[in-house]
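# Structural overview for review
Each chain is listed here by its residues.
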Amino acid sequence: MWETFAVVLTAIAMTIGLAGVVLPILPGLWLIWVSALIYGFFAGFGAFGVGAMVFITVVAVAGTYVVVRVPQQGAASVGVPWWGQLLAAALSVVGMFLIPIVGAILGFVVGVLLMQVLLTRSISRGLGASVVVLRSMAMAAGMQLIAGLTMMVTWVLWVLVA
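Rules used throughout
The residue numbers shown here count from 1 along each chain, following its written sequence. Two thresholds apply to this predicted model, a pLDDT of at least 70 for residue-level local features and 80 or more for giving and counting side-chain atom pairs, whereas whole-chain, interface and lining totals are computed over all residues. Heavy atoms throughout the structure, all of them, feed into the side-chain values; hydrogens and water do not. We define the nonpolar core as a collection of buried residues of types Ala, Val, Leu, Ile, Met, Phe, Trp, Tyr and Cys that are connected through side-chain atoms lying within 4.5 Å of one another. Burial classification: accessible surface area is computed with a 1.4 Å probe over protein chains only, and a residue below 20% of its type maximum counts as buried, one above 50% as exposed, and the rest as partly exposed. Helix numbers and strand numbers start at the N terminus; a helix is a DSSP run of H or I with at least 4 residues, a strand a run of E with at least 2. Contact between two residues is taken to exist if any of their heavy atoms lie within 4.5 Å; hydrogens are not considered. pLDDT is defined as a per-residue confidence score from the predictor, taking values between 0 and 100. Between rings of Phe, Tyr and Trp, where Trp is taken as its six-membered ring, a pair exists when centres lie within 6.5 Å; planes separated by under 30 degrees are stacked, by over 60 edge-to-face, and by other angles tilted. Take the residue count of a helix, subtract one, and multiply by 1.5 Å to get its expected span. The reported arc concerns the directions from the helix axis to the C-beta atoms and nothing else.

### Notes on the nonpolar core
Counting residues in hydrophobic clusters, the biggest one holds 18 residues, and the most contacted among them are Met 14, Ile 32, Ala 36, Ile 56, Met 151, Trp 155 and Trp 158. Those elements that place two or more of their residues in this core are helix H1 (2–22), helix H2 (28–43), helix H3 (46–77) and helix H6 (123–161). Apart from residues no more than four positions distant in its own chain, Trp 158 is found in contact with Ala 36, Tyr 39, Gly 40, Gly 44, Phe 45, Phe 48, Gly 49, Ala 52 and Met 53.

Laid out in structure tokens, this is it:
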């Protein structure tokens, strides 16, 4: 009975984590990871569970790296210097607190826009750079969604094998 409860509760927590990947309110991948870890403590890891947890951890780290690195590369590809990327990242953090859900994305894009306008004195180049960065952020979000789904599927296989 408690095993079923643990599976259902873990599945709900992971689904909330997956929603956090799509809507950047929660640290989605890490909520999925913590859910798997807690499940392992309560249900037991076993040999397969240890391997699954290691794989889930690797995917969580890779997914977190991608969500930072891909937009950074997008900004660099349109000529935003490292200090401009830091400013955009700072605006992303501010935006996250000012405008829930979309503020982090909006803050980074606005930061890139401002940097490009300041550097090139061209609004059209700034808008073009913002579009490139927005695309790279969408690609990173898609990769993070795939990572979250991979983590969840791995956990399901763990439950089925155990």
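Picking up where we left off.
### So, the confidence of the model for the protein
Taken as a whole, the protein shows an average pLDDT of 90; of its residues, 100% reach a score of 70 or greater. Within the protein, the lowest mean pLDDT, 86, falls on helix H4 (residues 82–98), and the highest, 94, falls on H2.

### Looking at the packing of aromatic side chains
Counting across every chain of the model gives five aromatic pairs. Their ring planes at 85° and their centres at 5.5 Å tell us that Tyr 39 and Trp 155 sit as a pair that is edge-to-face. Placement of Tyr 39 in helix H2 and of Trp 155 in helix H6 is noted, with a sequence separation of 116 residues between them. Neither Tyr 39 nor Trp 155 differs from the other in exposure class; each is buried. A ring pair is formed by Phe 45 and Trp 158, whose centres lie 5.7 Å apart and whose planes are at 20°; its orientation type is stacked. Highlighted residues: Phe 45 in the loop between H2 and H3 and Trp 158 in helix H6, separated in sequence by 113 residues. By relative accessible area, Trp 158 is classed as buried at 1%. Three or more aromatic residues joined by ring pairs form one cluster here, namely Tyr 39, Phe 41, Phe 45, Trp 155 and Trp 158.

### Points about the environment of Val 8
Mapped onto the elements of the fold, Val 8 is located in helix H1. Placed 32 residues apart in sequence, Val 8 and Gly 40 show a C-alpha to C-alpha distance of 14 Å.

### Examining unusual backbone geometry
The phi dihedral of Arg 121 falls on the positive side, at around 60°, and the residue is not glycine. Along the chain, Arg 121 turns up in the loop between helix H5 (103–120) and H6.

### Digging into H4
Under the 1.5 Å per step criterion, the end-to-end length of H4 is 24 Å for 17 residues, consistent within 8% with the ideal 24 Å. Here H4 has its buried residues at Gly 84, Gln 85, Ala 88, Ser 92 and Gly 95. Projected onto a plane normal to the axis of H4, the buried residues spread over an arc of 95° and lie on a single side. Set apart from the buried face of H4 by more than 90 degrees, the exposed residues are Trp 82, Leu 86 and Phe 97.

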